[in-house]
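Architecture at a glance
Read off the chains here:
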Amino acid sequence: MSDITLSRTADYERLTRIRATQPEEIAAAAARRRRRGLPGEGERLLIIAADHAARGALGVRDRPLAMASRVDLLDRLRLALSRPGVDGILASPDVLEDLLLLGALEGKLAFGSMNRGGLQGSVFELDDRFTGFDAASIDSMRLDGGKMLCRIDPTDHATVVTLESCARAVTDLARRRLVAMVEPFWSLRSESGVLRNDLSPEAVIRAISVAQALGATSAYTWLKIPAVAEMERVMAATTLPALLLGGDPPDIDAAYADWHRALSLPGVRGLVVGRALLYPPDDDVATAVDGAAALVRGAGA
């Protein structure tokens, strides 16, 4: 067994031991974490997303359980966060706590995922309850903001509950001067009941228009949106900062090209990408992350 493997095994054994015997160490690690500030003028961000598993979304392309191993996911996250040009992470409480205990979040931005109740493929998928972080816990953990998914289906009564919950979260975060990262989609169910997001420019514009008006103030609201066709029209719909989401693109080269085009627009402040970088087709996480970092840094130059 190599020294690297032994070290890795010891790290994860220590994680489990701390969770079983010293759970208070999680709050202590959060309290002593070295933080960094939000981007300055002209600076763009690369944030790694890791909140998919909390919604039961474990698949990547044709691998339905690609994200099933927590140790493997943490290995990939630690590698991604160690690469130059990576500014931070967006994750659910359990993942952020593991990374805090592993010391992987020093000098990084950290955003907590808030509503993970709309489990993938469930009949209640649009009733997207807030089952993760709330504004108070994000503040007490010294995180930089909270992210919420806001899917809008005008034919589903559950949408209004999600809208109200997101509005309350935006307000609560803003009172603490924390970023509210809102990810809006105009969504609909197919005849078979599968929920799909409408990625036409018109639908994305409509979703942005609803999302940016949520809460008592939009002073601390950022948008997390897909890179779609006619992004100039899409970005003309808002004055809020926007980060591009990655999703699970079938063609990674096409995704990079879409990100590159969108990053040239003034309102686009960077990328929030998870599966596309953590589970690339060739499994070379470092190269995938470095390529995305080069895009982001090139756009900010």
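Residues numbered from 1 in each chain as written. Predicted model: local features only at pLDDT ≥ 70, side-chain atom pairs only at ≥ 80, totals over all residues. Heavy atoms only, no water.

The name recorded for the protein chain in an unreviewed UniProt entry is Cgl0159-like domain-containing protein, from Nonomuraea solani.

1. Considering the packing of aromatic side chains
Applicable threshold: Here the aromatic set is Phe, Tyr and Trp, taking the six-membered ring for Trp, and pairing holds for ring centres within 6.5 Å; pairs whose planes are under 30 degrees apart are stacked, those over 60 apart are edge-to-face, and all others are tilted. Criterion for a charge above a ring: Lys NZ or Arg CZ within 6 Å of the ring centre, and within 35 degrees of the ring normal.
Under the criterion given, the structure shown has 1 aromatic pair. The positively charged end of Arg 206 is found above the aromatic ring belonging to Trp 186, 5.4 Å away from the centroid.

2. Section: the environment of Asp 290
Going by this rule: Secondary structure elements follow DSSP: runs of H or I no shorter than four residues count as helices, runs of E no shorter than two count as strands, and numbering proceeds from the N terminus. Within 3.5 Å is the distance limit for a polar contact, defined as a pair of N or O atoms, with the added protein rule that one can donate a hydrogen and the other accept it, and that residues adjacent in sequence qualify only through two side-chain atoms.
Residue placement: Asp 290 occurs in helix α11 (residues 285-300). The spatial distance from the C-alpha of Asp 290 to the C-alpha of Leu 277 is 9.3 Å, given a sequence separation of 13 residues. Here Arg 83 takes part through its side chain, which lies 2.7 Å from a polar atom of the side chain of Asp 290.

3. Let's talk about the UniProt feature "domain: Cgl0159-like" (unreviewed entry) in the protein chain
Quick reminder of the rule: UniProt positions are given in the numbering used here, feature names are shortened, and annotations may be inferred rather than shown by experiment.
Cross-referencing UniProt, the feature "domain: Cgl0159-like" (unreviewed entry) maps to residues 43-293 in the present numbering. Along residues 43-293 the backbone is 35% helical and 21% strand, and the end-to-end C-alpha distance reaches 12 Å.

4. Side note on the nonpolar core
Note the following rule: Each nonpolar core is a collection of buried residues, namely Ala, Val, Leu, Ile, Met, Phe, Trp, Tyr and Cys, held together in the definition by side-chain atoms within 4.5 Å. Exposure classes here rest on a 1.4 Å probe applied to the protein chains alone. A residue is buried below 20% of its type maximum, exposed above 50%, and partly exposed in between. Residue contacts are counted whenever heavy atoms from the two residues lie within 4.5 Å of one another.
Ranked by size, the top nonpolar core spans 86 residues in total, and within it Leu 77, Ile 89 and Trp 259 carry the most contacts. Top contributing element to this core by residue count: α11, with 7 residues. Once residues lying within four places of it in the same chain are set aside, the contact partners of Leu 77 are Ile 48, Ala 50, Ile 89, Val 95, Leu 99 and Leu 278. Counting 11 residues, the second-largest nonpolar core is a separate cluster that includes Ile 47, Leu 90, Phe 111 and Val 179.

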